[in-house]
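# Structural overview for review
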Amino acid sequence: MLKINATRLQQHFELMSLIGKIGETGTCRPTMTSLEKDAFNLAASWMKEAGMTTRIDHFGNLIGRLEGTDPALPVLMMGSHLDSQPYGGRFDGVAGVLCAIEVVTTLTENNIKPKRSIEVISFADEEGWRFNKGLFGSRGILGKLEAGELQRTDKDGITREQALRDFGCDPEKFKESEYKPGSIFCFLELHIEQGPVLDIAHKPVGVVSGISGPLWLTVKLKGMAGHAGSVPMPLRKDALLGAAEITVALHEIATQVPGNPTVGTVGTMNVFPASRNIIAEEVTFTIDLRDIDLERRNRYEKQLMERIEAITKKHGLTYSISEDTNSAPRYCADWMKAIIQEQCTALGLEAPELMSGPFHDALTLSYACDYAMIFIRSKDGISHNPLEYSSYEDLALGTQVMYGTVLQILETK
Ligand SMILES: [Zn+2]
């Protein structure tokens, strides 16, 4: 079988890692910034070398397109994201974009002219930390943005709308950038696992069975400020104490059945007025709850609500909860998983099937078309951390699997 170029692939990773580089191996490349624009320009230059036309749409997605001989056919879409966490690594998201470009480059080099057009996308704001809501670009192209999204602000008070305009996008033209129902044939995303399953099993490549849906909540507790030296303990309404107890409660709920894949996290906490000698009056924090089993997740959410009710009552606090994201688990297409498995077997790889705890752009695409994901082993399961590491050998293997998969889809579907 025709081979992808592992040396070129590695070079692309190394060049991309220089944009927004922090420390030796870290990346900070926030969405809709000049850093992401630099990353887009670099990726676009490789897309062009692969014979693709490129554009940035009004949601801030970079799209490369290899026109098929029958452009009316629904497209085969691949992609991921080039934005990163503020303290992230070199592979999250980048892998899915660069490997997809390598796949198309190999097709072109071998003079393969597909009937179906192929698109490679780097989706805008997958990570979601800047405006506290992710998967922006992938939801955008499917007409799934929610009311008020453009008014969300980042920590500097810049609205999403402003960031989009500064990036050269025009929110008034969103409609032009949407994909019509049925226009995407299938979606394929290669991604690093970001967990330890493949590393523990000593397998370079895995086939994803589905993505567990995240529930994102923002909780605001309100108590009463007071002098830390004078207000007696029984009279306090300490919002931070309530937040701490809810954090522990979430941990207890998520771990109640050992071995279950349920995960619960409080990741940020804002304390007001944040003075060492004032009892905290207001605390706002985020909750992230995930499970592959939606029924169980809903049950746990209910338990959490009961605990929040009891804890705030105990400490004399009032509270409000807003739901930022609520996605159900989504399963990969059996026919695509079968093709990926066939390609793995052809390369002598035994690829375990595993769930994805993190969400990906594929989660959004799953509502528009069949989808599949290829996972690459993450060393020690570390991700969202500069120490995140996947070997170039593993990445090349995964890309070869992806190439074979794309060829087989083009030939048979
Ligand atoms: Zn990612």
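Just above sits the structure.
As a starting point, this report considers the structure included with it.

Rules and cut-offs
- Residues numbered from 1 in each chain as written.
- Predicted model: local features only at pLDDT ≥ 70, side-chain atom pairs only at ≥ 80, totals over all residues.
- Helix = DSSP H or I, 4+ residues; strand = E, 2+ residues; numbered from the N terminus.
- Expected span 1.5 Å × (residues − 1).
- Buried ≥ 20, exposed ≤ 12 C-beta atoms within 10 Å, placed from the backbone.
- Arc of directions from axis to C-beta.
- Contact = placed C-beta atoms within 7 Å.
- Pairing = 2+ DSSP bridges.
- Axes fitted to C-alpha atoms, helices over the stretch in contact; angles between N-to-C directions.
- Parallel < 35°, antiparallel > 145°, perpendicular 65-115°, else oblique.
- Left-handed = near helix turned anticlockwise from the far one by under 90°.
- Nonpolar A, V, L, I, M, F, W, Y, C, P; charged D, E, K, R; others polar.

Under the 1.5 Å per step criterion, the end-to-end length of helix α2 (residues 34-49) is 23 Å for 16 residues, consistent within 8% with the ideal 22 Å. All buried positions along α2 are accounted for by Glu36, Ala39, Phe40, Ala43, Ala44, Trp46 and Met47. Mapping the buried residues of α2 onto a view down its axis gives an arc of 160°, with all of them on the same face. Residues of α2 that are exposed and angled more than 90 degrees away from the buried face: Ser34, Ser45 and Lys48. Elements in contact with the buried residues of α2: α1 (6-16), β3 (53-56), β4 (62-66), α3 (94-109) and β6 (118-122).

The strand order β10-β11-β9-β12 describes an open sheet built from four strands, whose pairing is antiparallel. Each edge of the sheet is formed by a strand with only one pairing partner; in this case those strands are β10 (263-272) and β12 (318-326). Recorded for the sheet is a direction-independent mean angle of 15° between the axes of neighbouring strands. In this sheet, β12 lies alongside strand β9 (residues 213-222) in antiparallel orientation, the contact comprising eight bridges. Following the sheet pairing, Thr218 is matched in β12 by Ser322. Strands β9, β10 and β11 (282-291) of the sheet are contacted by helix α8 (residues 239-254), whose axis makes an angle of about 175° with β10.

Extensive coverage of β11 is indicated by the burial of seven of its 10 residues. Looking at chain direction, β9 and β11 are connected through 10 bridges and run antiparallel. Bridge pairing in β11 links Trp216 to Asp288. The sheet contact formed by β10 and β11 spans eight bridges and is antiparallel. The residue of β11 that forms the bridge with Asn270 is Thr284.

With their axes 10 Å apart at the nearest point, α1 and α3 run at an angle of 140° to one another. Overall, the two elements α1 and α3 adopt an arrangement that is oblique. Regarding α1 and α3, the two cross each other, and that crossing is right-handed. When α1 is examined against α3, the residues Arg8, Leu9, His12, Phe13 and Met16 are found in contact with a partner set consisting of Val94, Leu98 and Glu102. Among the residues forming the contact of α1 with α3, the class breakdown is five nonpolar, one polar and two charged.

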